[in-house]
Amino acid sequence: MKKTILAMAMAAPLALSAASANAETLKIGMSQYPEGLHPTLVSNVAASYILSTSYRNSVIYGKDWLLQCNTCVEVPTFKNGLAERITLEDGREGIKMTVAIKDDLFWGDGTPVTTKDILLGYNISVDERVGNPGLQEAKTVEKVVALDDKNFEVYLNKVTFKYNTFVPDALPAHIDGPLYEQDPASYPKTTRYATDPTNPGLYFGPYVLTKVNAGSFITATPNPHWKGKAPSFDELIFKTVENTAALEAHLMSGSVDYLPGELGLSLDQVQQLEKRHSGKFNVHYEPGLLYEHLDTTMDNPHLAKKEVRQALLYGANRQQLVDKLFGGKQPVANTNVSPRDTTYYADVKSYEYNPEKAKELLKQAGYTLKKGVMVDGEGNELHLELMTTAGNKTRELVQQVLQSQWKQIGVKVSIVNQPARVYFGETLNQRKHKGLAMFAWYSSPESPPRTTLLSTNIPTEENGWSGQNYIGYKNPAMDELLNKVEKELDTEKRNKIFHEIQKIYAEDLPALPLYFRSDSFVKPKWLEGVTPTGHMFPSSNWVEEWYSTKK
């Protein structure tokens, strides 16, 4: 399963519709505008959060961290007989799932959701010409066979414990089918999600998107063909204010009602807000699978050396950082796996603050200190670029702290930040970052980091920039474990493999772990029904349960 990027990134104050004054309108403030709205081709949290109100992925993890199916009658399992191990034609072991689509699902123009939509979603997800970030994982599905309009079979080309998460998502065949078939390579530009995002036939959730003002706001209204629980709000307005200090000002002025934890303010900002305006809002902190880190790049000759990566972590006082910024409420990370995850393993190499150890490692790597800066044997300064999304106060503070601390061990750091739409839409996706890139990964529970660490998931121009291994990390031992862990159906044996993966991660440091974040939800007193999840599937997946207690 592909991971979802969380960015916290600047927009000027925005004008909203007159309807925003009505009690039936919920104005949601967000710190990032989505780089696109295609359910398959875009993988950031802003898009996921908005789309989850109007579109539903086939299988997701629910609020209880258990699988639920949005499009099918029942999640296929070995136990219920809807999944079975099979032998493929070439002799490999695989899995076959039989899936039935719910009868009450309709696109916003009244067209029923059928197997034609599932087949289109599958074909687009595995087409290398399209550029799906989750391409390699999608290719786990060998084929999809439509039995009739509402029933289909999914064939996986390997055995994986995550088998029932591979039910393909639906895409509107009656709208996007001809566009894809005409020219798959141009599809990312011609899809109606890009050219006509307010077309109601693109959505089959409780809402449809009705206004899209690029970079500013998106409006959603109820889907007239939604047959589930009727949503309470007549209008949702997603307002983007990428500068988080300005976002707080919008909250206090009333131009937004609610800041979701998935991409609102950081924990430290919410803590300060609570102190200044005690009792004005309902605040909830939800710890979860949200990994703040620094992606390295193996194309950088300095960062390609393990000793340099380890030295950087020894030279960063991360405990002091989380204590001062977050009151110690966000734990320092040793790997990419959260203590809340069932696969978490504590007995890995850790990097307590030790600047002398850092200098020692740099000397072992061939660096010497000259005029306060480490230089390699060829006289090149150890000078690194540190990037993140522009406008986020907390991340900018973290950058400054790291810059200062690394200066003490002889490492020069230049801070170069970009708007989120550039940072994620191009720089990371096309591996253009030259040094360290700060952002967060959202994961689902018990998720092997295949998309981010498997060597076959390195984005290249040849593979259409698919994959999320922006680091360019290659380790045969890691590849072997990542391939092995997903095939292991025994939970105890699988956890042991997860532990080995974490040991290698802590030793190699393909990315530099910072801390695990908590989502900080700031709700008006009258908003009820919002349930944070703590994993990559946002609370907006249950938007129909939200309601106002205003009278």
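Here the structure is a predicted model, which means the values were calculated and not measured. (Residues numbered from 1 in each chain as written. Predicted model: local features only at pLDDT ≥ 70, side-chain atom pairs only at ≥ 80, totals over all residues. Heavy atoms only, no water.)

Some remarks on the sheet that holds strand E11 (residues 235–240)
The test is simple: Pairing between strands requires that DSSP locate at least two bridges from one strand to the other. The helix count covers DSSP runs of H or I at least four residues long, the strand count covers runs of E at least two residues long, and both are numbered beginning at the N terminus. Only C-alpha atoms enter the line fits that serve as axes; for helices the fit covers just the stretch in contact. Angles between N-to-C directions range over 0 to 180 degrees.
Read across the open sheet, the four strands follow the order E2-E11-E10-E9; overall the sheet is mixed. Two strands close off the open sheet at either side, each with one partner strand: strand E2 (25–30) and strand E9 (207–213). Taking the axes of each pair of neighbouring strands and ignoring which way they run, one obtains an average angle of 20° across the sheet.

Comments concerning the domain arrangement of the protein chain
Test applied: Boundary definitions for the domains trace back to an automatic or database domain assignment. Contact criterion: two residues are considered in contact whenever any of their non-hydrogen atoms come within 4.5 Å of each other. Two parts lose some accessible area (1.4 Å probe) when they are put together, and adding that loss for both gives the buried area. Take a side-chain nitrogen of Lys or Arg and a carboxyl oxygen of Asp or Glu: if they are within 4 Å of each other, that pair is a salt bridge.
On domain assignment, one finds that the protein chain holds domain 1 (23–55 + 205–280 + 525–550), domain 2 (58–196) and domain 3 (289–518). Each of domain 2 and domain 3 has a C-alpha centre, and the two are 32 Å apart. Every contact between the two is made by 16 residues of domain 2 and, on the other side, 23 residues of domain 3. In terms of surface lost to domain 3, no three residues of domain 2 exceed Trp 65, Glu 137 and Phe 161, which account for 40% of the buried area on that side. Remark: the boundary between domain 2 and domain 3 carries two salt bridges. In this structure, the salt-bridge partner of Glu 137 is Arg 450, at a minimum N-O distance of 2.9 Å.

Considerations on the confidence of the model for the protein chain
Defined as follows: By definition, pLDDT measures how confident the predictor is in each residue, and it falls between 0 and 100.
Per-residue pLDDT for the protein chain averages 93, and the proportion of residues at 70 or more is 96%. In the predicted structure, residues 6–23 sits below a pLDDT of 50 and forms 63 contacts with residues beyond four places in sequence or in another chain.

A few points about the nonpolar core
Put simply, the rule reads: What is meant by a nonpolar core is a set of buried Ala, Val, Leu, Ile, Met, Phe, Trp, Tyr and Cys residues, joined one to another through side-chain atoms within 4.5 Å. Working definition: with a 1.4 Å probe on protein chains only, accessible area under 20% of the residue-type maximum means buried, over 50% means exposed, and in between means partly exposed.
With 77 residues, the main nonpolar core has Leu 26, Met 97, Phe 238, Tyr 258 and Trp 546 as its most contacted residues. Core analysis: the next-biggest nonpolar cluster, separate from the first, contains 35 residues, Leu 294, Leu 303, Leu 325 and Leu 384 among them.

Examining the packing of helix H15 (residues 476–487) against helix H16 (residues 491–508)
For clarity, the cut-off: Just so you know how the angles are binned, under 35 degrees is roughly parallel, over 145 roughly antiparallel, 65 to 115 roughly perpendicular, and the rest oblique. Crossing chirality is assigned from the near helix's rotation relative to the far helix, an anticlockwise turn below a right angle marking it left-handed and a clockwise turn marking it right-handed. Gly counts as polar in this scheme, as do all residues outside two lists: the nonpolar Ala, Val, Leu, Ile, Met, Phe, Trp, Tyr, Cys and Pro, and the charged Asp, Glu, Lys and Arg.
Two numbers describe how H15 lies on H16: the axes approach to 10 Å, and their chain directions differ by 155°. In terms of orientation, H15 lies roughly antiparallel with respect to H16. The two elements H15 and H16 meet at a crossing, and its hand is left-handed. Seen from H15, the contacting residues are Ala 477, Met 478, Leu 481, Leu 482, Lys 484 and Val 485; seen from H16, they are Arg 494, Ile 497, Phe 498, Glu 500, Ile 501, Ile 504 and Tyr 505. Looking at the contact of H15 with H16 residue by residue, the classes come out as ten nonpolar, no polar and three charged.

Section: the packing of helix H9 (residues 306–314) against helix H11 (residues 355–364)
One way to put it is that H9 packs onto H11 with a least axis distance of 8 Å and a crossing angle of 165°. Comparing the axis directions of H9 and H11 gives the class roughly antiparallel. Considering the relative orientation of H9 and H11, their crossing is left-handed. In this structure, H9 uses Glu 307, Val 308, Gln 310, Ala 311 and Tyr 314 to contact H11, whose residues at the interface are Pro 355, Lys 357, Ala 358, Leu 361 and Leu 362. Classifying every residue of the contact of H9 with H11 gives seven nonpolar, one polar and two charged.

With respect to the sheet that holds strand E5 (residues 83–87)
Strand pairing in a sheet is mediated by backbone hydrogen bonds. Such pairs are either parallel or antiparallel. Read from one edge to the other, the open sheet built from four strands follows the order E5-E6-E8-E7, with strand pairing classed as antiparallel. Across the chains shown, the open sheet's two edge strands, defined by having one partner strand only, are E5 and strand E7 (141–146). Along the sheet, successive strands turn relative to each other by an average axial angle of 25°, direction set aside. As judged from the five bridges shared by E5 and strand E6 (residues 93–100), these two strands associate in the antiparallel manner. Of the residues in E6, the one forming a bridge with Arg 85 is Ile 95.

Some words on H16
Our working definition: What a helix is expected to span follows from its residue count: subtract one and scale by 1.5 Å. In protein, a polar contact means a hydrogen-donor-capable atom and an acceptor-capable atom, both N or O and within 3.5 Å, with residues adjacent in sequence counting only if both atoms are side-chain atoms; elsewhere, any N or O pair within 3.5 Å suffices.
End to end, H16 covers 26 Å across 18 residues, agreeing with the expected 26 Å (1.5 Å per residue, within 8%). Those residues of H16 that fall on the buried side of the exposure criterion are Arg 494, Asn 495, Ile 497, Phe 498, His 499, Ile 501, Gln 502, Ile 504, Tyr 505, Ala 506 and Asp 508. Near the N-terminus of H16, the side chain that reaches the backbone nitrogen of Glu 492, with its oxygen 3.2 Å away, is that of Asp 490. Looking one or two residues past H16, Leu 509 carries a phi angle of roughly 50°, positive in sign.

Notes on the packing of aromatic side chains
Let me state the cut-off plainly: Each Phe, Tyr or Trp ring, with Trp reduced to its six-membered ring, pairs with another whose centre is within 6.5 Å; inter-plane angles below 30 degrees give stacked pairs, above 60 give edge-to-face pairs, and intermediate values give tilted ones.
Scanning all chains against the criterion turns up 19 aromatic pairs. Centre to centre, the rings of Trp 107 and Phe 204 are 4.9 Å apart; their planes meet at 80°, and the pair counts as edge-to-face. With a gap of 97 residues between them, Trp 107 in the loop between E6 and helix H2 (115–126) and Phe 204 in the loop between helix H6 (192–195) and E9 connect regions that are remote in the sequence. Accessibility assignment for this pair places Trp 107 and Phe 204 in one class, buried. With a centroid separation of 6.0 Å and an interplanar angle of 80°, the aromatic rings of Tyr 193 and Tyr 203 are classed as edge-to-face. Residue Tyr 193 is found in helix H6, and its partner Tyr 203 is found in the loop between H6 and E9; the two are separated by ten residues along the sequence. One exposure class covers both Tyr 193 and Tyr 203, and it is buried. Cluster of aromatic residues (ring-pair linked, three or more members): Tyr 423, Phe 424, Phe 439, Trp 441 and Tyr 470.

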